[in-house]
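# Observations on chain architecture
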Amino acid sequence: MAGPQSTKRVVSGMRPTGALHLGNFHGALKNWVELQYQYECYFFIADWHALTTGYEDPSKIAGHSIEMAIDWLAAGVNPGVATLFVQSRVPEHAELHLLLSMITPLGWLERVPTYKDQQEQLKDQDLATYGFLGYPLLQSADILIYRPAFVPVGEDQVAHVEITREVARRFNHLYGRELDFELKAEKAARSLGSRNAALYRDHRRRYQEAGDREALEKARSLVQNNARITVADRERLLGYLEGTGVTILPEPDVLLTATPKVPGLDGRKMSKSYNNTIGLREDPDVVTKRLKAMQTDPARKRRSDPGDPEKCPVWGLHKIYSDEPTRNWVQQGCRTAGIGCLDCKKPLIDSVVAEISAMRKRAQEYQDNPELVRGIINEGCEKAREVTRQTLHEVREAMGLSYR
Ligand code: TRP
Ligand code: SF4
């Protein structure tokens, strides 16, 4: 229902690509695990987005989605605090996407850098589709429907959040003028409680009559810190302060995820398409074997040849996994040929295996018990829908679609 919103919301999604690897873990998941304790988080499996490029063969989507959900749980995403769900099970995303499509100029979508880039890169697929052009708009709907403060994403998704903000601005500009705005704003003020309502009106008058910025700030924080009012009322009251309309879909900010470069086993960036990954739940013996065989500085042909960690992908992993004494030991030992590459890899193998073992352990319960995963997702979908129904209700109303 129109729940009070005391914590800021965060939304993010991932396309279901199957089992995740350490690059995904250090790039995004670890960050989610931290955010879930600071914000009200909505994390979802973007299966419709997977279809925009993979529509010819949808046979793997279901399996990949479940595998990915298990990886999230294994990585420490906690369904007790964060809401985990599947995009296609929250159909309100699709309705908002449709409605937003009415006001989105084609040029905005054609200019998103990923549009042409991806078409170039995935030449073997026909991506001259309506769905693929609309990819960023579907993402905008995914985001705006939760009215979040932040969207944690990597650099590659910043352009998508930017278009999300533009679409929100346009929407608010077009439809943010409710007919009975003043009445609703007054009613919203009353729901602050009589003392706060009086303060709010007083601050508002001081700002509107005398341009008192301090009064404006005070009124704003009064509204923002009130945990009892709905998101819609909060936006109304903020809009009413400046005499503008309501902000039905607030513009979210990017929360840029610092993505450490995780090198793959061949030295290139770790990526599924290079087949150089270490899976989040990979068998420890396999991990050990593959790390032992991992590419090193080519200058160290013999044990006695000194090397340069900067030219070695193993060093890239030390930067993520090793403490400072170990890193100093690597620098020194490598440059003087004091240690061999296998010596160098030993502490790294220990750390990676320890990390992976913890995730395997956590995943086991879910693998043994697929019902558990399904239950978490069912519950997440329901929780997500409580929020999305509310937003859509207001969107429909603003667009004149609430007649019966
Ligand atoms: N496009 C994102 C990616 O490829 C996935 C995504 C879909 C997403 N909808 C989203 C991310 C909404 C953040 C918010 O990684
Ligand atoms: Fe790389 Fe370590 Fe070998 Fe140096 S000693 S080349 S850093 S694996």
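Above this note sits the structure.
Below is a summary of the structure that appears in this document.

Calculation rules
- Residues numbered from 1 in each chain as written.
- Chains lettered and ligands numbered in written order.
- Predicted model: local features only at pLDDT ≥ 70, side-chain atom pairs only at ≥ 80, totals over all residues.
- Heavy atoms only, no water.
- Near = heavy atom within 4 Å.
- Polar contact = N/O pair within 3.5 Å; in protein donor to acceptor, adjacent residues only side chain to side chain.
- Areas by Shrake-Rupley, 256 points an atom, 1.4 Å probe, with all protein chains shown as cover.
- Helix = DSSP H or I, 4+ residues; strand = E, 2+ residues; numbered from the N terminus.
- Nonpolar A, V, L, I, M, F, W, Y, C, P; charged D, E, K, R; others polar.
- Expected span 1.5 Å × (residues − 1).
- Buried < 20%, exposed > 50% of the residue type's maximum accessible area, 1.4 Å probe, protein only.
- Arc of directions from axis to C-beta.
- Contact = heavy atoms within 4.5 Å.
- Pairing = 2+ DSSP bridges.
- Salt bridge = Lys/Arg side-chain N within 4 Å of Asp/Glu carboxyl O.

### Digging into the site of ligand 1
The full set close to ligand 1 counts 13 residues, and R15, Y135, Q139, D142 and Q157 are the nearest of them. Here R15 contributes a side-chain N or O atom positioned 3.1 Å from an oxygen atom of ligand 1. With respect to ligand 1, the side chain of Y135 contributes an N or O atom lying 2.7 Å from a nitrogen atom. Contact with the protein chains covers 93% of the free accessible surface of ligand 1, which is 370 Å². Looking at the shell around ligand 1, the elements that each hand over two or more residues are strand 1 (9-14), helix 8 (135-144) and strand 4 (150-153). Sort the elements by how many residues they give to the shell around ligand 1 and helix 8 lands first, with 4 residues.

### Observations regarding the site of ligand 2
T296, D297, R300, C312, V314, V330, C334, C341 and C344 make up every residue found near ligand 2. Of all the secondary structure elements, the ones that give two or more residues to the shell around ligand 2 are helix 16 (324-335) and helix 17 (341-368). For the shell around ligand 2, the per-class residue count stands at 6 nonpolar, 1 polar and 2 charged.

### A few points about helix 12 (residues 213-224)
In this model helix 12 runs 16 Å from its N-terminal to its C-terminal C-alpha over 12 residues, within 8% of the 16 Å that 1.5 Å per residue would give. Burial in helix 12 covers these residues: A215, L216, A219, L222 and V223. Buried residues along helix 12 cover an arc of 125° about the axis, so they all sit on one side. The outward face of helix 12, more than 90 degrees from its buried face, is lined by the exposed residues R213 and E214. As for helix 12, its buried residues are in contact with helix 11 (194-210) and helix 13 (231-241). N-capping of helix 12 is provided by D212, with a side-chain oxygen placed 3.0 Å from the backbone N of E214.

### Describing the pairing of strand 3 (residues 83-86)
The alternating pattern of strand 3 places T83 and F85 on one face and L84 and V86 on the opposite face, and all of these are buried. As paired strands, strand 2 (residues 40-45) and strand 3 are joined by 4 bridges and run parallel to one another. Within strand 3, the position partnered with Y42 by the bridge is T83.

### Points about the pattern of salt bridges
Evaluated as defined, the whole model comprises 28 salt bridges. For K60, the salt bridge identified is with D57, shortest N-O distance 3.9 Å. Residue classification places D57 among the partly exposed residues on the basis of a relative accessible area of 44%. Notably, a salt bridge pairs E217 with R220, separated by 2.9 Å at the nearest N-O pair. Here the residue E217 and the residue R220 both occupy positions in helix 12, the gap between them amounting to 3 residues, near one helical turn. By sharing partners, the salt bridges in this structure join R165, R169, E251 and D253 into a single network.

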